[in-house]
Amino acid sequence: MKPCVVLVSLLLSLVCLMNQASDACSCAMSHPQDAYCNSDIVIRAKVVGKKLMDDRPFGTLRYTVKQMKMYKGFDKIQHVQYIYTHNTESMCGVKFDINKYQYLITGRVHDGKVYTGLCNFNERWERLSLAQKKGINHRYQLGCNCRIKPCHFLPCFVTSKHECLWTDMLSHFGYPGYQSRHYACIQQKEGYCSWYRGMTTRDKVTINTTDP
């Protein structure tokens, strides 16, 4: 094969790889509390069906859900029956297993429909830590006026009394880290925000009995 032909082939392959990379879904890391506070809807539900509404590249997939509990969104919609997402992961569409698990699902409401994606916080319920379940029940709501400030490189500093420094990204264990799974950034009585873990035995009993 001639050198010029080889060069053209390599360039075409590089262009294809760059296009694939540019088409991939990209999301900034988010603490579960931020995901909660920035969502219109937060529910626990079992996914019981799905339907492809449009099979075009930018089509929509509709999941039918059995809502178990609503944690946020009462002012937006009374009961969630359907969840909408893109039908491809490259467009940040999320994939749920059917009739297998209960999920925590967060999303936005538009024209009376609930939309979610890979950049939202969606997780199997049993994979959540006790502190995350407690946060979703009520604790995260107490910190929605706080700002969780990501720290990617040292040194990092808070610049306001309303900030909590999030350092999970510095850990070699990766994300999600310890603060994501076990802490909430809560506004204290004095007006400043700080990390709070407090998990009493009573909290654990309440979560295990009310949110299986």
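Residues numbered from 1 in each chain as written. Predicted model: local features only at pLDDT ≥ 70, side-chain atom pairs only at ≥ 80, totals over all residues. Heavy atoms only, no water.

(A) How the structure looks around the overall build of the protein chain. Looking only at helices and strands, one finds five helices and 10 strands in the protein chain. Relative to its full complement of 212 residues, the protein chain shows a buried share of 38%. For the protein chain, the proportion of contacts with a sequence separation of at least 24, taken over those separated by at least 6, is 60%. Split by element, the accessible area of the protein chain, about 12,800 Å² in all, is 56% carbon and sulfur. (Helix = DSSP H or I, 4+ residues; strand = E, 2+ residues; numbered from the N terminus. Buried < 20%, exposed > 50% of the residue type's maximum accessible area, 1.4 Å probe, protein only. Contact = heavy atoms within 4.5 Å. Areas by Shrake-Rupley, 256 points an atom, 1.4 Å probe, with all protein chains shown as cover.)

(B) Broad picture of the state of the cysteines. Here the structure, examined in full by the defined rule, presents six disulfides. Each sulfur in the disulfide pair Cys164 and Cys185 lies 2.1 Å from the other. The sign of the S-S torsion, about 80°, decides the handedness of the disulfide formed by Cys164 and Cys185: right-handed. With Cys164 in strand S8 (residues 163-166) and Cys185 in strand S9 (residues 184-187), this residue pair connects regions lying 21 residues apart in the sequence. Accessibility expressed as a relative area gives 2% for Cys164, which makes it buried. Shown here for the protein chain is a disulfide pattern of 1-4, 2-5, 3-6, 7-12, 8-9, 10-11, where each number marks a bonded cysteine counted in sequence order. (Disulfide = S-S within 2.5 Å.)

(C) Representation of unusual backbone geometry. For the bond running from Leu154 to Pro155, omega is 0°, close enough to zero to count as cis. Its place among the elements puts Pro155 in the loop between strand S7 (147-150) and S8. The phi dihedral of Asn99 is positive, around 55°, even though this residue is not glycine. Mapped onto the elements of the fold, Asn99 is located in the loop between strand S3 (82-86) and strand S4 (102-110). Residue Asn99 is classed as partly exposed on the basis of its relative accessible area, which comes to 47%.

(D) Spotlight on the nonpolar core. If you look at the biggest cluster of nonpolar residues, it comprises 16 residues, and the most contacted ones within it are Ile41, Ile43, Val65, Val80, Ile83, Phe96 and Ile105. Elements with a contribution of two residues or more to this core: strand S1 (41-52), strand S2 (60-72) and S4. Leaving out residues up to four positions away in the same chain, Ile83 has contacts with Ile43, Leu61, Arg62, Tyr63, Val65, Ile105, Val114 and Thr116. Tyr36, Phe121, Ile136 and Ala184 belong to the second-largest nonpolar core, a separate cluster that totals 13 residues. (Core = buried A, V, L, I, M, F, W, Y, C linked by side-chain atoms within 4.5 Å.)

(E) Spatial organisation of empty space enclosed by the protein. All chains considered together, the criterion is met by two cavities of 30 Å³ or more. Empty space within the largest cavity amounts to approximately 50 Å³. For the largest cavity, the full set of lining residues is Ala131, Gln132, Gly135, Arg139, Tyr140, Ser180, Arg181, His182, Tyr183, Ala184, Tyr196 and Arg197. Listed by contribution, the elements that provide at least two residues to the lining of the largest cavity are helix H3 (130-139) and helix H4 (178-182). (1 Å grid on protein atoms, 1.4 Å probe; cavity = no way out; pocket = protein on both sides within 12 Å on 5 of 7 lines; lining within 4 Å. Points joined across faces, edges and corners; volume = space filled by probe spheres on them.)

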